[in-house]
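Letter by letter, the chains look like this.
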Amino acid sequence: MKSFRFQAFTVKDIVFLAVITAVTLLASGPFAPIVMTASKIGPQAFAMALPFALVTSIGLRKVKKSGSLLIIGIFSGLVLLLMAPVMFFNQFTGSLFSESLALLLFKNYENRKTVLMSSGLFAFFTLPSTAVVNILAKGKSISEQIGNPVTFALFTLGAIALGLIGAMIGNKIADELQKAGKM
Amino acid sequence: MCKRTRDIHPILSLIFSLLLFVMGLLFVKETWFWMYAITFSVLFLLFRYEKLMLKLIPFVLVFGLVMGSLTLINGSMQDALYAIYRVLALGLAGVLSMSIRPIRLVRSLNQLRVPRWISLGLLIVIRFIQIFREEIRRIRQAIALRGIRFASTPALWSRAFFIPLTVRMLSISEGLATSLETRGFSTDSEGSSFEVICFKGRDLAFSILFLTCLTVYVYLFLRGR
């Protein structure tokens, strides 16, 4: 049975993960106004799910080491810290929770399902930290943040679905590149 | 050797930027918020941040009006004003964070013994956002030249966009990693720095004024509760 293991990151890995982070931030850039103007939780995760999952899944297919998604989360969080501090916690906890869950279930990134789950659920797992930060910084209660429960449920399910679709597309791109000997 | 620059220490700028933003969000609903914004604007002008402030004014105006208008759809005039104030808080924090030069931030992080993989990664992300923006523009131009349109053939467009982008990502990161390795860079060794980032008298003066002003507003906030 394949076991859970930590491998040290090389300079090559770090550079690739940083480049992936730069592209992830660029890909999600057009959705930034939605993220910043939405007063309820849900739309942010829904808007970011597809671009984040798509690009990060390519990164995880190349660097198949435990902690890769967390590193992407730290890098993107540190850059976003300069613009909106709350986003750091968002990125950090999102990547930590989704990677932990994926590794807990599938042990390592050799299994394609780990990549799918880890990058696909990244946006969904930013929801709890957004809620906590909104309570602490803006004094908004959970019910205030959720608003209409049906809309919230739809946004949440949409974030999961779009995340998984994005991760699947990313995996497909990685497959094509692997076939062409580029990865 | 310390270089004589007008810039505030990058770590101080980062911390104060965070404080300004978080406190700004807390103070948004206070009647004296406009005073808070004016006080720190004056402080920035005293420390010669006028060029950065001029750069940020269009963003704050446009984004503030968009945020205000969007809030007005569901909320009251008061809520719209709070939304504009939030953008103002972001703009104020942005003056300080935009003044940080990435290389100075990385050097000061190295001085603070932050792991090198973090400072290297941060520098790459900041630098490569601009490079990849240019790459994306070129790829989109190539797609347009081939007559592929997203509206008519989204699958083909996505393929023509993502495959070259990923290949560029791979080749750029390979080249950069090789270049770093040949220069003896490794994540576990301690490197030397070309420039030492010092804490100057100007930093001290800014810190004292900034913290004094902030303390006054925190006091006003707590007294009002």
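See the structure printed just above.
Parameters and conventions
- Residues numbered from 1 in each chain as written.
- Chains lettered and ligands numbered in written order.
- Predicted model: local features only at pLDDT ≥ 70, side-chain atom pairs only at ≥ 80, totals over all residues.
- Heavy atoms only, no water.
- Helix = DSSP H or I, 4+ residues; strand = E, 2+ residues; numbered from the N terminus.
- Rg over C-alpha atoms; globule rule 2.2 N^0.38 Å.
- Buried < 20%, exposed > 50% of the residue type's maximum accessible area, 1.4 Å probe, protein only.
- Contact = heavy atoms within 4.5 Å.
- Salt bridge = Lys/Arg side-chain N within 4 Å of Asp/Glu carboxyl O.
- Phe/Tyr/Trp six-rings, centres within 6.5 Å; stacked < 30°, edge-to-face > 60°.
- Core = buried A, V, L, I, M, F, W, Y, C linked by side-chain atoms within 4.5 Å.
- Domains from an automatic or database assignment.

Engineer: Is there a simple way to explain the overall build of chain B in this structure?
Structural biologist: Scanning chain B from terminus to terminus reveals 8 helices and 0 strands. Counting from the amino terminus, helix and strand elements in chain B follow one another as α-α-α-α-α-α-α-α. For chain B, the C-alpha radius of gyration of 22 Å lies well beyond 17 Å, the compact-globule estimate for 225 residues. Projected onto its principal axes, the C-alpha positions of chain B cover 60 × 55 × 30 Å. Scored against the burial criterion, the 225 residues of chain B give a buried share of 43%. Considering only residue pairs separated by 6 or more positions, chain B has 78% of its internal contacts joining residues 24 or more positions apart.

Engineer: I keep staring at the pattern of salt bridges and nothing clicks. Help me out?
Structural biologist: Between side chains of opposite charge, a pair can form when the charged atoms approach closely. All names here are of chain B. Applying the stated criterion to the full structure yields 14 salt bridges over all chains. Two residues, Arg101 and Asp7, come together in a salt bridge whose shortest N-O distance is 3.5 Å. One end of the pair, Arg101, is in the loop between α4 (77–98) and α5 (102–111); the other, Asp7, is in the segment before α1 (10–27), and 94 residues separate them in sequence. The partner of Arg137 in a salt bridge is Glu134, with the nearest N and O atoms 2.6 Å apart. Of this pair, Arg137 and Glu134 both sit in helix α6 (residues 116–145), 3 residues apart, which is roughly one turn of that helix. According to the relative accessible area criterion, Arg137 is partly exposed, its value standing at 42%. Note on Glu134: relative accessible area 31%, which makes it partly exposed. One salt-bridge network, in which partners are shared between bridges, spans Glu134, Glu135, Arg137, Arg138 and Arg168.

Engineer: What's the story with the packing of aromatic side chains in this structure? I'm lost.
Structural biologist: Any pair of aromatic rings gets described here by the distance separating the centres and the angle formed by the planes. Considering all chains together, one arrives at 28 aromatic pairs over all chains under this definition. Taken together, a centroid distance of 6.0 Å and an interplanar angle of 10° make the contact between Phe88 of chain A and Phe92 of chain A stacked. One end of the pair, Phe88 of chain A, and the other, Phe92 of chain A, are both in helix α5 (residues 86–106), 4 residues apart, so they sit about a helical turn from each other. Given the relative accessible area of 18%, Phe88 of chain A is considered buried. Using a relative accessible area of 28% as the deciding quantity, one classes Phe92 of chain A as partly exposed. Considering the side-chain rings of Phe27 of chain B and Phe221 of chain B, the 5.2 Å spacing of their centres and the 50° angle between planes classify their relative orientation as tilted. Here Phe221 of chain B lies in helix α8 (residues 201–224) and Phe27 of chain B lies in helix α1, a separation of 194 residues in the sequence.

Engineer: So what exactly am I meant to see when it comes to the nonpolar core here?
Structural biologist: Generally speaking, a soluble globular protein has its nonpolar side chains buried in company with each other. The biggest cluster of nonpolar side chains holds 60 residues, and the ones touching the most others in it are Val15 of chain A together with Val125, Phe132, Phe161 and Leu165 of chain B. Ranked by residues supplied to this core, first place goes to helix α1 (residues 11–28) of chain A with 12 residues. Residue-level mapping places this core at the junction of two domains, with at least three residues from each of domain 1 (10–103 + 196–223) and domain 2 (116–182) of chain B. Beyond its immediate sequence surroundings of up to four residues, Val125 of chain B is in contact with Ala18, Thr21, Ala22, Leu25, Phe75 and Val79 of chain A.

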